Amino acid sequence: MSFEGKTAWITGASSGIGAALAREWASRGANIVLSGRDEARLAEVAADLPTETLILPFDVRDDAAMWAATDKAVAWKGVDIFVANAGVSQRSAAVDTDIAVYREIIDIDLTAQIAATQALLPHVTERGSGHLLFISSIAGKVGVPMRTAYCAAKFGLAGYADALRAELSQSGVQVHVIYPGSVATDVSRNALTSDGSKRGRSDSVIDNGIPPLEAAQRIIDAVEAGQREIIVANGMEQAMGEMRRTPDQLLDQVAGMVAAGYMEKMKAEG
């Protein structure tokens, strides 16, 4: 597979994994659409890219802005690759956490990512090709303490993506779920605490995690290889992810249900 001349649209692209994916895909010849809330930081990322770029800043929770951005991205060069990457983590015990924090994290990490994908679906299905990437987490495979809201959102995102993959299995559109472990980003520093405030500090596990560019290279190599579940982790985190990996046979079985007319039968039954 060559990414030369393809267009990759990445949300949460101003830093971390999102920015690293932009740089790596651009180095492989892809044009890049960058989205996030901070237009100035997106411009800094764009300035380093060797291919054509389009900056579409918006808050993922603003449906109107997201739909407008979708129209602009499609009109620019079409979208071959979409990465649902925007998100926020958590560092607080469930017993201490305000329900508003759950609603905010699930809105950003799950509902907004689904909404963005739904807006783009008519375009990719009409084209009959493309890649949809969902950035979940090892915490979307294994329940991790101090992250109950984050785990709920990331498990949910994987569930949506798995079901969507089955529905699109006859369309030519590929769906990939990414499960990063500790990557050296600001994820811990920006995580929400029990009252919704930012944690404001990182931790040694994250600081000593996989460099973002290495994570991006591993993700893109796995997309190129056609992997549906992509675990990007080391050590214990990798082992945990692999223990919860969905067998390819099961993914094939669900796709086979679609090929055999399952969806048509369900629709006919009303």
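Note: the structure precedes this text.
Undergrad: Just checking my understanding: could you explain the overall build of the chain for this structure?
TA: Across its full length, the chain carries 10 helices and 7 strands. A compact globule built from 270 residues should have a C-alpha radius of gyration of about 18 Å, and the chain, at 18 Å, falls within 12% of that. For the chain, the C-alpha atoms occupy an extent of roughly 50 × 45 × 35 Å along the three principal directions. Out of the 270 residues in the chain, the part that is buried amounts to 48%. Within the chain, contacts between residues at least 6 apart in sequence are counted, and of these 67% link residues at least 24 apart. Element-wise, carbon and sulfur atoms account for 52% of the exposed surface of the chain, whose accessible area totals about 12,200 Å². Of the side chains in the chain, 25 bear a positive and 34 a negative charge, and the two mean positions are spaced by 2 Å.

Undergrad: Would you mind showing me how to read the layout of surface pockets here?
TA: Taken as a whole, the largest pocket encloses approximately 1,400 Å³ of empty space. If you go around the largest pocket, you meet 50 residues; those closest to its centre are Gly87, Val88, Ser89, Asp186 and Val187. Breaking the lining of the largest pocket down by element, the ones donating at least two residues are helix 1 (16-27), helix 4 (99-127), helix 5 (148-167), helix 6 (204-207) and helix 8 (235-243). In terms of residue class, the lining of the largest pocket is built from 19 nonpolar, 17 polar and 14 charged. In this structure, the second largest pocket spans a volume of roughly 220 Å³. What lines the second largest pocket is a set of 15 residues, among which Arg165, Ala166, Ser169, Arg228 and Ala255 lie closest to the centre.

Undergrad: So what exactly am I meant to see when it comes to the pattern of salt bridges here?
TA: One side chain can pair with another of opposite charge once the charged atoms of both are near each other. Within the structure shown, the criterion is met by 16 salt bridges. One salt bridge connects Arg28 with Glu224, and the closest N-O pair in it is separated by 3.7 Å. Of the two residues, Arg28 sits in the loop between helix 1 and strand 2 (31-34) while Glu224 sits in helix 7 (residues 212-224), which places them 196 residues apart along the sequence. Its salt-bridge partner being Arg199, residue Asp203 comes within 3.3 Å of it at the nearest N-O pair.

Undergrad: Please explain unusual backbone geometry as it appears in this structure.
TA: Note on backbone geometry: most residues besides glycine have negative phi, and most peptide bonds are trans. One non-glycine residue, Met146, lies in the positive phi region at around 75°. Its location among the elements puts Met146 in the loop between strand 5 (130-135) and helix 5. The class for Met146 is partly exposed, based on a relative accessible area of 41%.

Undergrad: Would you take a moment to explain the environment of Met236 for this structure?
TA: You can see Met236 is positioned in helix 8. Relative accessible area serves as the criterion here: at 64%, Met236 is assigned to the exposed category. Separated by 55 residues in sequence, Met236 and Gly181 have C-alpha atoms that sit 9.4 Å apart.

Undergrad: Honestly, the sheet that holds strand 2 in this entry has me stumped. Any pointers?
TA: Remark on secondary structure: sheet strands pair via backbone hydrogen bonds, oriented parallel or antiparallel. Here 7 strands make up an open sheet; going across it, the order is 3-2-1-4-5-6-7 and the pairing parallel. For this open sheet the edge positions go to strand 3 (53-55) and strand 7 (229-232), each flanked by a neighbour on one side alone. On average, each strand axis in the sheet is inclined to that of its neighbour by 15°, with strand direction left out of account. In this sheet, strand 7 lies alongside strand 6 (residues 173-180) in parallel orientation, the contact comprising 4 bridges. In the sheet register, Val177 faces strand 7, and the bridge partner there is Glu229. Helix-sheet contacts for helix 1 involve strand 1 (7-10), strand 2, strand 4 (81-84), strand 5 and strand 6, and the interaxial angle to strand 1 is about 170°. Set on the sheet, helix 5 makes contact with strand 5 and strand 6; between it and strand 6 the angle comes to about 160°.

Undergrad: How should I be thinking about the environment of Leu251 in this particular structure?
TA: Counting through the fold element by element, Leu251 comes out in helix 9 (residues 248-259). The sequence separation of Leu251 and Arg28 amounts to 223 residues, and the corresponding C-alpha distance is 29 Å. Dropping the residues within four chain positions of it, Leu251 is found in contact with Arg165, Arg228 and Thr246.

About the thresholds
Along each chain, the written sequence defines residue order, and numbers are assigned to residues from 1. Residue-level local features of this predicted model are given only where pLDDT is at least 70; pairs of side-chain atoms are given and counted only at 80 or more, and the full residue set underlies all totals for whole chains, interfaces and linings. The basis for every side-chain value is the complete set of heavy atoms in the structure, and neither hydrogens nor water enter the calculation. Labels follow the DSSP assignment, with helices taken as runs of H or I lasting at least four residues and strands as runs of E lasting at least two, numbered in each case from the N terminus. Our radius of gyration looks at C-alpha atoms and nothing else; its globule reference is 2.2 Å times the residue count to the power 0.38. Exposed residues in this analysis have more than 50% of their type's maximum accessible area, buried residues have under 20%, and partly exposed residues fall in between, with area computed by a 1.4 Å probe over protein chains only. Contacts are residue-level and defined by heavy atoms, with any inter-residue pair within 4.5 Å sufficient. For the area figures, the Shrake-Rupley method with a 1.4 Å probe applies, and any residue is considered shielded solely by the protein chains shown. Note that His is not counted, nor are the chain ends; the positive residues are Lys and Arg, and the negative ones are Asp and Glu. The atoms used to mark charge sites are NZ of Lys, CZ of Arg, CG of Asp and CD of Glu. Here a cavity is any set of points on a 1 Å grid over the protein atoms alone where a 1.4 Å probe fits but cannot get out, and a pocket is any open set with protein on both sides within 12 Å along at least 5 of 7 lines; a residue lines the site when it has an atom within 4 Å of a point. Grid points are joined across faces, edges and corners, and a volume is the space filled by probe spheres set on the points. Note that Gly is not counted as nonpolar here; it falls among the polar residues with everything else outside the nonpolar set of Ala, Val, Leu, Ile, Met, Phe, Trp, Tyr, Cys and Pro and the charged set of Asp, Glu, Lys and Arg. For this analysis, a salt bridge means a side-chain nitrogen from Lys or Arg found within 4 Å of a carboxyl oxygen belonging to Asp or Glu. When DSSP locates at least two bridges between a pair of strands, those strands are taken to pair. Fitting a line to C-alpha atoms yields each axis, with helices limited to the stretch in contact; the angle taken between N-to-C directions then spans 0 to 180 degrees.

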